[in-house]
Protein chains: 2
Amino acid sequence: MTTKRGNAVPPLDEFGRIRAWTEGRQSQEFFDRAGVTLGIGDDAAVVTDSPGQEWLLAMDTMVEEVHFRNETMGAEDIGYKALAANVSDIAAMGGFPKFALVSVCVPPSWDAARMKRLYDGIYACAERYGVAVIGGDTTSAPTHLVVAVTLIGTVEAGRAIRRDGAKAGQFVFLTGPTGLSAGGLHGMLRNGHSEKSSLPTPSRLIQAHQRPIPSVKAGRLLLEQGWGASLNDVSDGVASEAWEIAEASGVRLRLKETQLPLSGELAAYSRDNGLDPLDFVLYGGEDYVLLGTADREYEQAMKERFRSEGIPLFIIGEVEEGLPGVFAETAAGATKPVSKRGYNHFPKG
Amino acid sequence: MTTKRGNAVPPLDEFGRIRAWTEGRQSQEFFDRAGVTLGIGDDAAVVTDSPGQEWLLAMDTMVEEVHFRNETMGAEDIGYKALAANVSDIAAMGGFPKFALVSVCVPPSWDAARMKRLYDGIYACAERYGVAVIGGDTTSAPTHLVVAVTLIGTVEAGRAIRRDGAKAGQFVFLTGPTGLSAGGLHGMLRNGHSEKSSLPTPSRLIQAHQRPIPSVKAGRLLLEQGWGASLNDVSDGVASEAWEIAEASGVRLRLKETQLPLSGELAAYSRDNGLDPLDFVLYGGEDYVLLGTADREYEQAMKERFRSEGIPLFIIGEVEEGLPGVFAETAAGATKPVSKRGYNHFPKG
């Protein structure tokens, strides 16, 4: 049979490519324990249900030149972070991450070896959080790499921590400092684009950007103890996440600038470069700590338990009645509105 | 607080955009019936489990200039087909489609009105197959639109029809003619690129390409009756799907060229344009009929039941022992190997 619609046969078909990147990465024993009946290689994966649990479904996509550039993220970092962003979404509901589907759109600039490193990163993150990679697809792309990940998690039925549970009188908390990831990106872009860069970017900031740490343990603690009234992960910046809680819950959040955690590295980097660290702290995304609200009566117990578990906990403000909005109280006692603006990796302005 | 990392505020933030495209599309009552505890608008969606069922998870992505061009697919068609491709994957396991997550990466050439039409197509397909759209994400993209869809379906525990169940002695079947979608694309590209086009492309072929019909009913019948031993949907062409069954099952598939269903429209289009219709039938993808194998003892019952249900059924070959492979028997009785080559929308050759 001749092929009049003739075209070059690619070196590997879709399943060949997927196999080359995924085969032998996770054991059948792990799949069995995780509840995977059928993994990669059929039209759909099959997983078994867990009695008394509900399923959490999250999907998060990373696009070359929108979410990362090759001078700021290695191939392994990109894979790691694509999965970590989704793990963080499950953490923000108080759930356990379980199964991942990975879709990659691969442009000519990404050869097989580079894609293999990307999958190395995906599997490194999967191993750390006990996630079974069970499917997905791979296509070609004209110019830019796209990695879309769907993550399925579980949570005790009826107990997922939503963003609409904030109530007046509660306090606002953060489970870690923010702005580090944005600071790291800022430093890498500056060093890459200017010879005038005076001081190296602290490695903790770069690490925060390239290998973020989702807060699964903190999310579970907040759910198990019944402390979390509302919860978001800081993927899009404290300001944006606080706005989402305020709007979903119909409340006003008042943050205290002096109580916002500021890492020493970010303070030093900002000072050395003449920048306002609060811009990073409030508007930098992808730190993957949790922002939430809880009843005042739990404050002491939460502080003690988080301390004993080695998880940071910062009380950064309070929930008030009023039209949905977010305000910041300065050190001098003035109140300013906090803009709703989200995180933009590579601003044009 | 000044914004030193200043950048233009987009007209709508991510949630604003998603809301504009998705709000009010599906009712709370439908969500309740479908088992959706929490839909679009939090870090993750929440769905309840169904006792005695397993979950099917499929993910399929469409990329501008790889899977479609704007001269061959309208915005609504693209949305419809992105979901339909996933519905087809669930059908190929014998399952029910249930919940969808949609991720879109939107380049500047896709404005809000055009994106709305794309979502019109997604929801038209969702309504037809009873799918609840419960989440996803939206990002910008530098140049090309990407639509990634994850579809979650259910199937009776332990009963999903896999591709590795083919056995020597079984017959090979198709639940509809193939090559129509590829013929439609061929015609649209030809008419778009040449003034010499003699005859219009039959609308049935164009319709097959733009609005494919997944085979959920056929898949359910094959599972409920216990007839389907192995099953694939024809997303990548009969040749490629037959190869997948052959390799997964460790058998040889012998197809009979004279028994491959050929639609009158495709036969006419091929004749008028001096093309071999078999190239479309064997190597054209995205027809979303089902290719499978079944035991000989079921042949008569299957034929009768499919006829009474109004679903086509074509017996196109048989399963033999041997090294994995696919062969075609010509009208003259000769045997030729069938290439493993998959479907390529826009070949460069």
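Since this is a predicted model, take the numbers as computed values, not measurements. (Residues numbered from 1 in each chain as written. Chains lettered and ligands numbered in written order. Predicted model: local features only at pLDDT ≥ 70, side-chain atom pairs only at ≥ 80, totals over all residues. Heavy atoms only, no water.)

Colleague: Looking at this structure, I do not really get the packing of helix 7 (residues 216–224) of chain A against helix 11 (residues 299–309) of chain A. What am I missing?
Modeller: How two helices pack is summed up by the angle between their axes together with the distance between the axes. Residue and element names in this part refer to chain A. As a packed pair, helix 7 and helix 11 sit with axes 12 Å apart at the nearest point and diverge in direction by 145 degrees. Considering the relative orientation of helix 7 and helix 11, their crossing is right-handed. Taking contact as the criterion, the partners of Lys217, Ala218, Leu221 and Leu222 in helix 7 are, on helix 11, Met302, Arg305, Phe306 and Glu309. The residue makeup of the contact of helix 7 with helix 11, split by class, is 5 nonpolar, no polar and 3 charged. (Axes fitted to C-alpha atoms, helices over the stretch in contact; angles between N-to-C directions. Helix = DSSP H or I, 4+ residues; strand = E, 2+ residues; numbered from the N terminus. Left-handed = near helix turned anticlockwise from the far one by under 90°. Contact = heavy atoms within 4.5 Å. Nonpolar A, V, L, I, M, F, W, Y, C, P; charged D, E, K, R; others polar.)

Colleague: Could you clarify how one ought to interpret the interface of chain B and chain A in this entry?
Modeller: Interfaces are often sized by the amount of accessible area the parts lose when they come together. Contact with chain B, which involves 85 residues of that partner, is made by 84 residues of chain A. In this assembly, chain B packs against chain A so that about 6600 Å² is buried in total across both faces, 56% of it on carbon and sulfur atoms. Between the two partners, chain B and chain A, sit 4 salt bridges. In this structure, Asp43 of chain A engages Arg163 of chain B in a salt bridge whose closest nitrogen and oxygen atoms are separated by 3.0 Å. Applying the counting rule to chain B against chain A returns 16 residue pairs in polar contact (both at pLDDT 80 or more). (Buried area = accessible area lost by both parts, 1.4 Å probe. Salt bridge = Lys/Arg side-chain N within 4 Å of Asp/Glu carboxyl O. Polar contact = N/O pair within 3.5 Å; in protein donor to acceptor, adjacent residues only side chain to side chain.)

Colleague: In this structure, what is going on with the pattern of salt bridges? I would like to understand it.
Modeller: Pairs may arise between side chains of opposite charge once their charged atoms sit close together. Applying the stated criterion to the full structure yields 50 salt bridges over all chains. Asp120 of chain B is paired through a salt bridge with Arg25 of chain B; the nearest N and O atoms lie 2.7 Å apart. With Asp120 of chain B in helix 4 (residues 112–129) and Arg25 of chain B in the loop between helix 1 (14–22) and helix 2 (28–34), this residue pair connects regions lying 95 residues apart in the sequence. Judged by its relative accessible area of 27%, Arg25 of chain B is partly exposed. Taking the shortest distance from any N to any O, the salt bridge between Lys336 of chain B and Glu257 of chain B comes out at 3.4 Å. Taken together, the residues Lys336 of chain B in strand 13 (residues 335–337) and Glu257 of chain B in the loop between strand 9 (252–256) and helix 9 (264–272) connect sequence positions 79 residues apart. In this structure Glu257 of chain B comes out as buried when scored by relative accessible area, which is 14%. Taken together, the shared-partner salt bridges connect Lys256, Arg296, Glu299, Lys303 and Glu318 of chain A into one network. (Buried < 20%, exposed > 50% of the residue type's maximum accessible area, 1.4 Å probe, protein only.)

Colleague: Is there a simple way to think about the packing of helix 3 (residues 75–91) of chain B against helix 4 of chain B in this case?
Modeller: Residue and element names in this part refer to chain B. Where helix 3 contacts helix 4, the axes come no closer than 6 Å and their chain directions differ by 35 degrees. Viewed along their axes, helix 3 and helix 4 form a crossing whose handedness is right-handed. Together, Ala75, Glu76, Ile78, Gly79, Tyr80, Leu83, Ala84 and Val87 of helix 3 and Arg114, Arg117, Leu118, Asp120, Gly121, Ile122, Ala124, Cys125, Ala126, Arg128 and Tyr129 of helix 4 make up the contact between the two elements. Looking at side-chain class alone, the contact of helix 3 with helix 4 contains 12 nonpolar, 2 polar and 5 charged residues.

Colleague: Would you mind showing me how to read the sheet that holds strand 9 of chain B here?
Modeller: Working definition: the strands of a sheet are paired by backbone hydrogen bonds and lie parallel or antiparallel to each other. All names here are of chain B. Strands sit in the order 8-10-7-11-9-12-13 across an open sheet of 7 strands; the sheet is mixed. The open sheet has two edge strands with one neighbour each: strand 8 (230–233) and strand 13. The average undirected angle you get between the axes of adjacent strands in this sheet is 25 degrees. In terms of strand pairing, strand 12 (residues 325–329) meets strand 13 through 3 bridges, oriented antiparallel. Across the sheet, Glu329 pairs through a bridge with Thr335, a residue of strand 13. This element, helix 11 (residues 299–309), spans strand 7 (171–174), strand 10 (290–294) and strand 11 (314–320) of the sheet and lies at about 10 degrees to strand 7. (Pairing = 2+ DSSP bridges.)

Colleague: How do you make sense of the UniProt feature "binding site: Mg(2+) 3" (unreviewed entry) in chain A when you look at a structure like this?
Modeller: The UniProt entry lists Asp43, Asp89 and Asp233 of chain A under the feature "binding site: Mg(2+) 3" (unreviewed entry), expressed in the numbering used here. In sequence the annotated residues extend across 191 residues, and in space they extend as well, their farthest C-alpha pair lying 32.5 Å apart. Topologically, Asp43 of chain A is positioned in the loop between strand 1 (36–38) and strand 2 (45–48). If we skip the residues at most four places from it in the chain, Asp43 of chain A touches Ala58, Asp89, Ala92, Met93, Arg163, Leu231, Asn232 and Asp233 of chain B. For Asp43 of chain A, the side chain forms a polar contact with the side chain of Arg163 of chain B, separated by 3.0 Å. (UniProt positions renumbered as here; feature names shortened; annotations may be inferred.)

Colleague: Quick question: what am I supposed to make of the domain arrangement of chain A here?
Modeller: Residues and elements named next belong to chain A. Each assigned domain of chain A is listed here: domain 1 (15–156) and domain 2 (171–337). Computed from C-alpha coordinates alone, the two centres of domain 1 and domain 2 are separated by 26 Å. If you look at the interface, domain 1 gives 24 residues, while domain 2 gives 22 residues. Together domain 1 and domain 2 conceal approximately 2000 Å² of surface at their shared face, both sides included; 56% is due to carbon and sulfur atoms. A per-residue breakdown of the area domain 1 buries against domain 2 is headed by Thr72, Lys81 and Ala92, which together make up 26% of the total. Inspection of the domain 1/domain 2 interface yields 4 salt bridges. Residue Asp77 is joined to Arg211 by a salt bridge in which the shortest nitrogen-to-oxygen separation is 2.9 Å. Here domain 1 is connected to domain 2 by 7 residue pairs in polar contact (both at pLDDT 80 or more). Looking at which element gives the most residues to the side of domain 1 that touches domain 2, the answer is helix 3 (residues 75–91), with 10 residues. When the residues that make up the side of domain 1 that touches domain 2 are grouped by side-chain class, the tally is 12 nonpolar, 4 polar and 8 charged. (Domains from an automatic or database assignment.)

Colleague: Would you take a moment to explain the packing of aromatic side chains for this structure?
Modeller: Remark: the centre distance and the inter-plane angle together describe each pair of aromatic rings, the angle taken between the planes. Per the counting criterion, the structure on display carries 12 aromatic pairs over all chains. The interplanar angle of 55 degrees and the centroid separation of 6.3 Å between the aromatic rings of Phe171 of chain A and Phe173 of chain A together place this pair among those described as tilted. Taking the relative accessible area as the measure of exposure, Phe171 of chain A reaches 0% and is therefore buried. Site record: aromatic cluster; members linked through ring pairs are Trp55 and Phe99 of chain A together with Trp55 and Phe99 of chain B. (Phe/Tyr/Trp six-rings, centres within 6.5 Å; stacked < 30°, edge-to-face > 60°.)

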